[in-house]
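Structural characterization, general
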Amino acid sequence: VLYSLFCALEATERSVLEPFGLILCLPPWFRTVEVWLDVFVKNAWIHSYVPSVHNTPSRVLLEGVVDEKTCNLLVRLAESYPNTTGTAVDECMRGGIGPHAPTLQAKHRPVYSFTDLTDGISDEEADVIYSVENQIHHIVQETLGIQNVSLYSASLVTRFRNQYYRALLQKMGQKEQVGDDEQLEDTPFLELRCPQVMRAWGLCRRWFQFILWLDNLFSGGIGLHADSHSFRKHSYFGDRHAPQNFEYFERTHTALLYLDNSERLESYSGGEYLFVDGMHGDRAHIGEVRYQEEREKFFSSFSDLLFGRVKVIPKCGSLLIYTGDERNIHGVRPIQGEGHRHSLALWYTHVPHINPSLKDAKGISLQLLARQREMTRCTERRPEGAPDCEHVVFELQTEVS
């Protein structure tokens, strides 16, 4: 019923939202029902993730995996990585990239390859990172009950409030008079115009501030998705269809280690992972075998999207592990405030998890392609002796012998 209502509201966009948005001079994307739904999904009516209730065979939250000293070291390495946000803001001002570009609200320090671990990182620091990665790899296999999982990618991630919007707000604060402006300067994509009624009351500055705040609620963070499967609302909720993503099919499992202590958590709000939980009956708690046999029966419902979302508080030492398929539709809430959110993000490849019947445009099996790429990563990029590559090295040695 709720999904049918959503579809009915979409049919009224031209007659209702379009004229409403034009009158209020809203950016074009705010003239669609889906965008307003996304604002709600990211920012309202979200429950807290309770491990004793929400841990399932496909998703687990563990606490106290590393100590605060380790968290602080990883945060320092994340922050010391060169920041290109200033360049991105300038490019956005010139119209080179849009105001929702990921580089405006996050930076990633790769810590995957041998080269990554020697680029501006001391031997002692590299040992800590390598040790934490190996520890998490062991936990992933032990917790999810799978073997032969290799690391696909690893990054120290720093997330912050949209720096383009911050620059615009600072510019407004420096201008003597914004209230008389019909259009805010340097906004080639946002099309920020002041409605006539706001100009009449001299409230253009307040209006622009409100629009930037509202747009950050929509574009900040990361929208709903699955790491290795495609997610489109109509396909997922209407057709029960979420096929393996041909670009990211190798990201079968994910682990996220949070790094912020209580002091850092007070410097910002938001930034939490949120999941469309689907906690009805035994849907989230079924075993892997039954899930693979009857997976269409265990999709989340549209009511789960509205009322069944849970968020994970990003505190130091907490480790979130989940599968990249349609059981874990998730997003990231927008950052508010001046602080930065820090995490160590690791993506894994478990070849048996990839559908063996799927092929790429050249007719090559995705499972075979994943195995070939796994061998290349382990022999050319990962540090020698990495535990996540032991099964690959063993296979190569067996073939040679």
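Located above this text is the structure these notes cover.
Residues numbered from 1 in each chain as written. Predicted model: local features only at pLDDT ≥ 70, side-chain atom pairs only at ≥ 80, totals over all residues. Heavy atoms only, no water.

1. Looking at the packing of aromatic side chains
Condition: Two aromatic rings, drawn from Phe, Tyr or Trp (for Trp, its six-membered ring), form a pair once their centres lie within 6.5 Å of each other, and the interplanar angle then sorts them: stacked below 30 degrees, edge-to-face above 60, tilted otherwise. Secondary structure counts use DSSP, requiring at least four H or I residues in a row for a helix and at least two E residues in a row for a strand, with both numbered from the N terminus. Relative accessibility thresholds used throughout: buried, under 20% of the residue-type maximum; exposed, over 50%; partly exposed, between the two (1.4 Å probe, protein chains only). When the NZ atom of lysine or the CZ atom of arginine is within 6 Å of a ring's centre and also within 35 degrees of its normal, the charge is said to sit over that ring.
Across all of its chains, the model carries 17 aromatic pairs by this definition. Centre to centre, the rings of F30 and F218 are 5.9 Å apart; their planes meet at 70°, and the pair counts as edge-to-face. Linking F30 in the loop between helix 2 (13–23) and helix 3 (33–43) with F218 in helix 10 (residues 204–219), this pair joins segments that are 188 residues apart in sequence. Each member of the pair, F30 as well as F218, is classed as buried. Each residue in the set Y3, F6, F231, Y236, F237, F299 and F302 is aromatic and connected to the rest through ring pairs, giving one cluster. Of note, R59 hangs over the ring of F275, and the distance from its end group to the ring centre comes to 4.6 Å. One Lys or Arg, R382, reaches over the ring of Y112 and ends 5.1 Å from the middle of that ring.

2. Comments concerning the state of the cysteines
Here is the rule: Note that a disulfide, as used here, is simply two cysteine sulfur atoms within 2.5 Å.
One pass over the structure, following the stated rule, counts three disulfides. A sulfur-sulfur distance of 2.0 Å marks the disulfide that ties C194 to C204. Residues C194 and C204 are joined through a disulfide that is left-handed, its torsion about the S-S bond being -95°. Taken together, the residues span a long stretch of sequence, with C194 in the loop between helix 8 (163–174) and helix 9 (196–200) and C204 in helix 10 at a distance of 10 residues. The pair formed by C194 and C204 is uniform in burial state, with each residue classed as buried. The side chain of C378 participates in a disulfide bridge whose partner is C389; the two sulfur atoms lie 2.1 Å from each other. Measuring the twist about the S-S bond at about -80°, one finds the C378-C389 disulfide to be left-handed. Taken together, the residues C378 in helix 15 (residues 366–380) and C389 in the loop between helix 15 and helix 16 (390–400) connect sequence positions 11 residues apart. By the burial criterion, C378 is buried, and C389 matches it.

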